[in-house]
Amino acid sequence: MISTLLIILIILCIVIGTISKSNQHNYLKLPNKDLFSFDFTNCLRGIAILLIMVGHISGTMHTVAFSPIGGTGVALFLIISGYGLNESYKKNGLTRYWQKKVFRVLTPYFIVITILYLVKYEFVWWRYLLEVTGLYTSYWFIAYIVKWYIVYWLFSRFFQKYRSYLMFLAAIIMLFTLPDIEAEQSFSFLAGYLISEKKGSLKNINTRFEIRITVISFLIGTIFLCLKQLPYIRVYEGELIYNIIQVAIKLPYAMTIIALLAIFPKYIKSKFLILTGTISYELYLVHMPFYGYVNGNIWYAFVLLLSAYIIAYIFNILNKKIIKAIA
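Engineer: What is the right way to look at the overall build of the chain in this model?
Structural biologist: Counting its regular elements, the chain contains 17 helices and 0 strands. Whereas a compact globule of 327 residues would reach a radius of gyration of roughly 20 Å, the chain reaches 20 Å, a difference of no more than 12%. Its C-alpha atoms put the chain at 55 × 50 × 50 Å along the principal axes. Residue burial in the chain is summarised as follows: out of 327 residues, 48% are buried. In the chain, 79% of the contacts between residues at least 6 apart in sequence involve partners at least 24 apart. Of the roughly 17200 Å² that the chain leaves accessible, carbon and sulfur atoms contribute 68%. Placing the 30 positive and 13 negative side-chain charges of the chain at their respective mean positions leaves the two points 12 Å apart.

Below, the structure written as structure tokens:
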């Protein structure tokens, strides 16, 4: 637990220490219409992947004290995805929908899986095909987000008028039918979509309302986190009631982070968060197969984080060139 706290403290110091001082005074007075701007969502991506990586590393250090932060990071990613996808639809409709998604999400994933099967795993064709198509993969988030891409496309293509109601129904079905790690995120993508649909109202949000959202969201998440610790709730782990409690922890905590970033927009100027958000997808792909090797050793944790950043940065540059070439 102390090792994880030290990692979090060092990351916070880096974030604070890399906040750009230029025009900071004026930046703090930007109107709320910039909420969910590119810089805002990019920094949210940075926060999300940091939560996920720290959550994974913490899990190797024989403590469950920080277990909610990984799922909170995933919820943030899904909220941003739902928001971004709907904003893209508003501007471009479904033009080149699958081409964009396949190139941006599945191409880097294909590269990583192929390299892993060449240098790390025993190469078995049927397992490789299952992995690379996302039908059976340790990168569960990839398979999960593709499910939402399919749902969104179907409802936008054929049932646009009733899309919001159908997406809510889809979230309910996912809650009831998917494995627990996916079920607990059933409403995160939907939340991002709804934020996009109500974007016009966000311009009228003031700081007092943001503080209220922060407090309420944090209290909801914390109440259900405490409820989750009760022995007679723990016995339902993996079942519907337990997954509902998980939803009520991860999504409110994600909304708390969004509201806090709106209240303290100076952190959007952190060069470290900007970099982390830019390479967040590559960081996710790169660190996943190796975080288990940390095995509770804080020095291994720092080696993993440093190596992941270097490789992800290079990978991000290569991905942009590959996607540009084949798009």
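Engineer: Before we go on, may I ask you to explain the packing of helix H8 (residues 163-177) against helix H10 (residues 188-197) in this structure?
Structural biologist: Packed helix pairs are characterised by how far apart their axes lie and by the angle those axes make with each other. Orientation of H8 relative to H10, taken along the N-to-C sense of each, is 160°, at an axis distance of 10 Å. It follows from the interaxial angle that H8 and H10 lie roughly antiparallel. In the crossing of H8 with H10, the sense of the turn from one axis to the other is left-handed. Where H8 approaches H10, its residues Arg163, Ser164, Met167, Phe168 and Ala171 are matched on the opposing element by Phe189, Leu190, Tyr193 and Glu197. Residues belonging to the contact of H8 with H10 are distributed by class as follows: 6 nonpolar, 1 polar and 2 charged.

Engineer: Help me understand the pattern of salt bridges, please; the structure alone is not making it clear to me.
Structural biologist: Oppositely charged side chains are able to pair whenever their charged atoms sit close together. Following the criterion strictly, the structure yields 5 salt bridges and no others. It is possible to trace a salt-bridge network through shared partners that takes in Glu87, Lys90 and Lys199.

Engineer: What's the story with helix H12 (residues 207-228) in this structure? I'm lost.
Structural biologist: Residues spaced three or four apart along an α-helix point in a common direction, a consequence of the helix completing one turn every 3.6 residues. Its 22 residues give H12 an end-to-end C-alpha distance of 31 Å, which sits within 8% of 32 Å, the value for a rise of 1.5 Å per residue. Among the residues making up H12, those that are buried are Glu210, Thr214, Ser217, Gly221 and Lys228. In an axial view of H12, the angular spread of the buried residues amounts to 80°, which keeps them on one side of the axis. Turned more than 90 degrees from where H12 packs its buried face, Arg208 and Ile223 sit exposed. Lining the buried residues of H12 we find helix H4 (67-92), helix H13 (231-234) and helix H14 (240-263).

Engineer: Which parts of the structure should I look at to understand helix H7 (residues 140-158)?
Structural biologist: For H7, spanning 19 residues, the distance from its first C-alpha to its last is 28 Å, which sits close to the expected 27 Å at 1.5 Å a residue. Trp140, Phe141, Ile142, Ala143, Tyr144, Ile145, Trp148, Tyr149, Val151, Tyr152, Phe155 and Ser156 are the residues of H7 that are buried. Contact partners of the buried residues in H7: H4, helix H5 (97-119), H8, helix H9 (180-183), H10 and helix H16 (280-287).

Engineer: Help me out: how do you make sense of the environment of Val112 in this one?
Structural biologist: Secondary-structure assignment places Val112 in helix H5. Excluding anything up to four places from it in sequence, Val112 contacts Tyr139, Leu285 and Phe315.

Engineer: I tried to follow unusual backbone geometry on my own but got confused; where do I start?
Structural biologist: Note on backbone geometry: most residues besides glycine have negative phi, and most peptide bonds are trans. Even without being a glycine, Asn295 presents a positive backbone phi close to 50°. A relative accessible area of 56% places Asn295 in the exposed class.

Engineer: For this particular structure, what's the right way to read the state of the cysteines?
Structural biologist: Any covalent bond linking the sulfur atoms of two cysteines counts as a disulfide. Under the definition given, this model contains 0 disulfides. Considering cysteine sulfurs only, Cys13 is the nearest to Cys43, which forms no disulfide, with 18 Å between them.

Rules of the game
Residues numbered from 1 in each chain as written. Predicted model: local features only at pLDDT ≥ 70, side-chain atom pairs only at ≥ 80, totals over all residues. Heavy atoms only, no water. Helix = DSSP H or I, 4+ residues; strand = E, 2+ residues; numbered from the N terminus. Rg over C-alpha atoms; globule rule 2.2 N^0.38 Å. Buried < 20%, exposed > 50% of the residue type's maximum accessible area, 1.4 Å probe, protein only. Contact = heavy atoms within 4.5 Å. Areas by Shrake-Rupley, 256 points an atom, 1.4 Å probe, with all protein chains shown as cover. Lys, Arg positive; Asp, Glu negative; His and termini not counted. Charge placed at Lys NZ, Arg CZ, Asp CG, Glu CD. Axes fitted to C-alpha atoms, helices over the stretch in contact; angles between N-to-C directions. Parallel < 35°, antiparallel > 145°, perpendicular 65-115°, else oblique. Left-handed = near helix turned anticlockwise from the far one by under 90°. Nonpolar A, V, L, I, M, F, W, Y, C, P; charged D, E, K, R; others polar. Salt bridge = Lys/Arg side-chain N within 4 Å of Asp/Glu carboxyl O. Expected span 1.5 Å × (residues − 1). Arc of directions from axis to C-beta. Disulfide = S-S within 2.5 Å.

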